[in-house]
Amino acid sequence: MGAEKRTAYRKLTETIDVIDLTSMSNYAVIASTASIINASTSGFLMHIHRNDLNSNELKNNLSLNSLLNEKVVLFLPQMNLDLEGIIMRTKHLGKGVFEIAAQFSPDVPDYWKECLIDLLPVPGEMD
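Undergrad: Please explain the layout of surface pockets as it appears in this structure.
TA: Here the idea is plain: a probe the size of a water molecule rolls over the atoms and shows the empty space left. One number sums up the size of the second largest pocket: a volume of about 170 Å³. If you go around the second largest pocket, the residues you meet are Ser23, Ser25, Asn26, Ala28, Val29, Ile30, Ser55, Glu57, Leu58, Ser66, Leu67 and Glu70. A per-class count over the lining of the second largest pocket returns five nonpolar, five polar and two charged.

Undergrad: Whenever I open this one, the side chain of Thr22 confuses me. Can you help?
TA: With respect to the helices and strands, Thr22 occurs in strand β1 (residues 11-23). By relative accessible area, which is 11% here, Thr22 ends up buried. In this structure, Thr22 is in contact with Tyr27, Ala28, Val29, Ile30, Lys71, Val72 and Val73, ignoring residues within four places of it in sequence.

Undergrad: I'm lost on the side chain of Thr90 in this one. Help?
TA: Within the element layout of this structure, Thr90 appears in strand β5 (residues 81-94). Since its relative accessible area comes to 13%, Thr90 is described here as buried. A polar contact of 2.7 Å, which involves the side chain of Thr90, links it to the side chain of Asn65.

Undergrad: For this particular structure, what's the right way to read the environment of Ser35?
TA: Tracing the sequence through the fold places Ser35 in strand β2 (residues 29-39). The spatial distance from the C-alpha of Ser35 to the C-alpha of Ile16 is 5.4 Å, given a sequence separation of 19 residues. Setting aside chain neighbours within four positions, we find Ser35 in contact with Thr15, Ile16, Val18, Leu45, Met46 and His47.

Undergrad: For this particular structure, what's the right way to read empty space enclosed by the protein?
TA: Evaluated as defined, the whole model comprises one cavity of 30 Å³ or more. Taken as a whole, the largest cavity encloses approximately 30 Å³ of empty space. Every residue lining the largest cavity is listed: Ile36, Ala39, Phe44, Leu83, Phe104, Leu116, Ile117 and Leu120. Class assignment for the residues of the lining of the largest cavity results in eight nonpolar, no polar and no charged.

Undergrad: Which parts of the structure should I look at to understand the environment of Leu120?
TA: Looking at the element boundaries, Leu120 is found in the segment after α2 (110-119). C-alpha of Leu120 to C-alpha of Thr13: the two residues are 107 residues apart in sequence and 6.4 Å apart in space. Discounting residues that sit within four places of it in the chain, Leu120 has contacts with Lys11, Thr13, Ile16, Ala39 and Met79.

Undergrad: Just checking my understanding: could you explain the sheet that holds strand β6 (residues 97-104) for this structure?
TA: Read around the closed barrel, six strands run β1-β2-β3-β6-β5-β4, paired in antiparallel fashion. If you compare each strand with its neighbour and ignore which way they point, the axes differ by 45° on average. The sheet contact formed by β1 and β2 spans eight bridges and is antiparallel. The partner of Leu12 across the bridge, within β2, is Asn38.

Rules behind the numbers
- Residues numbered from 1 in each chain as written.
- Predicted model: local features only at pLDDT ≥ 70, side-chain atom pairs only at ≥ 80, totals over all residues.
- Heavy atoms only, no water.
- 1 Å grid on protein atoms, 1.4 Å probe; cavity = no way out; pocket = protein on both sides within 12 Å on 5 of 7 lines; lining within 4 Å.
- Points joined across faces, edges and corners; volume = space filled by probe spheres on them.
- Nonpolar A, V, L, I, M, F, W, Y, C, P; charged D, E, K, R; others polar.
- Helix = DSSP H or I, 4+ residues; strand = E, 2+ residues; numbered from the N terminus.
- Buried < 20%, exposed > 50% of the residue type's maximum accessible area, 1.4 Å probe, protein only.
- Contact = heavy atoms within 4.5 Å.
- Polar contact = N/O pair within 3.5 Å; in protein donor to acceptor, adjacent residues only side chain to side chain.
- Pairing = 2+ DSSP bridges.
- Axes fitted to C-alpha atoms, helices over the stretch in contact; angles between N-to-C directions.

This is a description of form; function is not addressed.
In structure tokens form, the structure reads like this:
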């Protein structure tokens, strides 16, 4: 079996602020802030700066692979909305910036994900 192929359309979004990326297994805040840069009905892609990580263990690593398969919840203040997901992929982009791909939790209804994607602003829409 190969890697799962992406079938959902990815929408490049205006940067969406994230507050308190939190582990659902131990309720520890992983990062105080992050940014969603694109999303689809299957999940969302975030950027996190090293300084926004709350754990020294994570700050001192070039990899966030210890977060793989971690169930997380995050708050989007611009939309007054909580999102739940599972971290599927992490990557250090350099200069202290990490990319984290999260998949929506399986219990999130498809219609809700489609509505959310429709509501996310495209670049320049908030100017």
